[in-house]
Amino acid sequence: MNKAQPIIIGSDHAAFELKEKIKAWLIDKGYPVEDAGTHSSASVNYVDYGRKVAGAVSRGEFSRGILLCGTGLGMSMVANRFPNVRAALCSDLFSAKMSRVHNDSNILVLGGRILGDILAFELVRIWLDTGFEGGRHLERIQSMDAP
Ligand code: RB5
């Protein structure tokens, strides 16, 4: 991915620590990052942070977002309610890659209580570095938002 484009990231308390580590990893790699919160380990409702990130991607303010909660399940449910959002909950590298190649996923969702740090960094790396194949897959993803 073009490193000039900022990435918006958000989490709840359950994945706050991993969100901070991924943010630092992204900044170290040269990606500008917009942190939508949460900003501590105090208990919050993941829906609020999922809406912030998915809304910004849905409106085209950011081309890519990353969301984290304990399992990733709640965040993926919230994010995929937004038009133009294709959020992919991934815990293996093949899925992270194929979510880009075939689905043009624009939000990566991770489970902070599921993943180790190194696997999480690798998931982010492959998701950012992999392009969309287009062609027949473009028609398919366009049909997701068709009336
Ligand atoms: C918080 O306890 C937990 O429910 C949340 O992080 C997430 O896993 C929900 O799907």
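It should be noted that the structure appears before, not after, this text.
Just so it is clear, the model here is predicted, and its values are computed rather than measured.

1. Concerning the site of the ligand
Line of reasoning, step 1. Taken together, the residues surrounding the ligand are D12, H13, A14, Y46, C69, G70, T71, G74 and R113.
Line of reasoning, step 2. In the model, an oxygen atom of the ligand is placed 2.7 Å from a nitrogen or oxygen of the G70 main chain.
Line of reasoning, step 3. In isolation the ligand offers 290 Å² of accessible surface; the protein chains occlude 71% of this area.
Line of reasoning, step 4. Grouping the amino acids of the shell around the ligand by side-chain chemistry returns 3 nonpolar, 4 polar and 2 charged.

2. What about the pattern of salt bridges?
Line of reasoning, step 1. Under the defined criterion, the tally for this structure stands at 12 salt bridges.
Line of reasoning, step 2. E20 serves as the salt-bridge partner of K19, at 2.9 Å between the closest nitrogen and oxygen.
Line of reasoning, step 3. You can call K19 buried: its relative accessible area is 0%.
Line of reasoning, step 4. With a closest N to O distance of 4.0 Å, E133 and R136 form a salt bridge.
Line of reasoning, step 5. Taken together, the salt bridges that share partners define one network made up of K19, E20, K23 and D35.

3. Focus on the packing of aromatic side chains
Line of reasoning, step 1. Taken as a whole, this structure holds 1 aromatic pair when the rule is applied.
Line of reasoning, step 2. Arranged with centres 5.9 Å apart and planes meeting at 10°, the rings of W25 and F121 form a pair that is stacked. With W25 in helix α1 (residues 16-28) and F121 in helix α5 (residues 117-129), this residue pair connects regions lying 96 residues apart in the sequence.
Line of reasoning, step 3. The ring of W127 has R64 lying over it, and the distance from NZ or CZ to the ring centre is 4.6 Å.

Here is what the cut-offs are and how they apply
Residues numbered from 1 in each chain as written. Predicted model: local features only at pLDDT ≥ 70, side-chain atom pairs only at ≥ 80, totals over all residues. Heavy atoms only, no water. Near = heavy atom within 4 Å. Polar contact = N/O pair within 3.5 Å; in protein donor to acceptor, adjacent residues only side chain to side chain. Areas by Shrake-Rupley, 256 points an atom, 1.4 Å probe, with all protein chains shown as cover. Nonpolar A, V, L, I, M, F, W, Y, C, P; charged D, E, K, R; others polar. Salt bridge = Lys/Arg side-chain N within 4 Å of Asp/Glu carboxyl O. Buried < 20%, exposed > 50% of the residue type's maximum accessible area, 1.4 Å probe, protein only. Phe/Tyr/Trp six-rings, centres within 6.5 Å; stacked < 30°, edge-to-face > 60°. Helix = DSSP H or I, 4+ residues; strand = E, 2+ residues; numbered from the N terminus. Lys NZ or Arg CZ within 6 Å of the ring centre and 35° of its normal.

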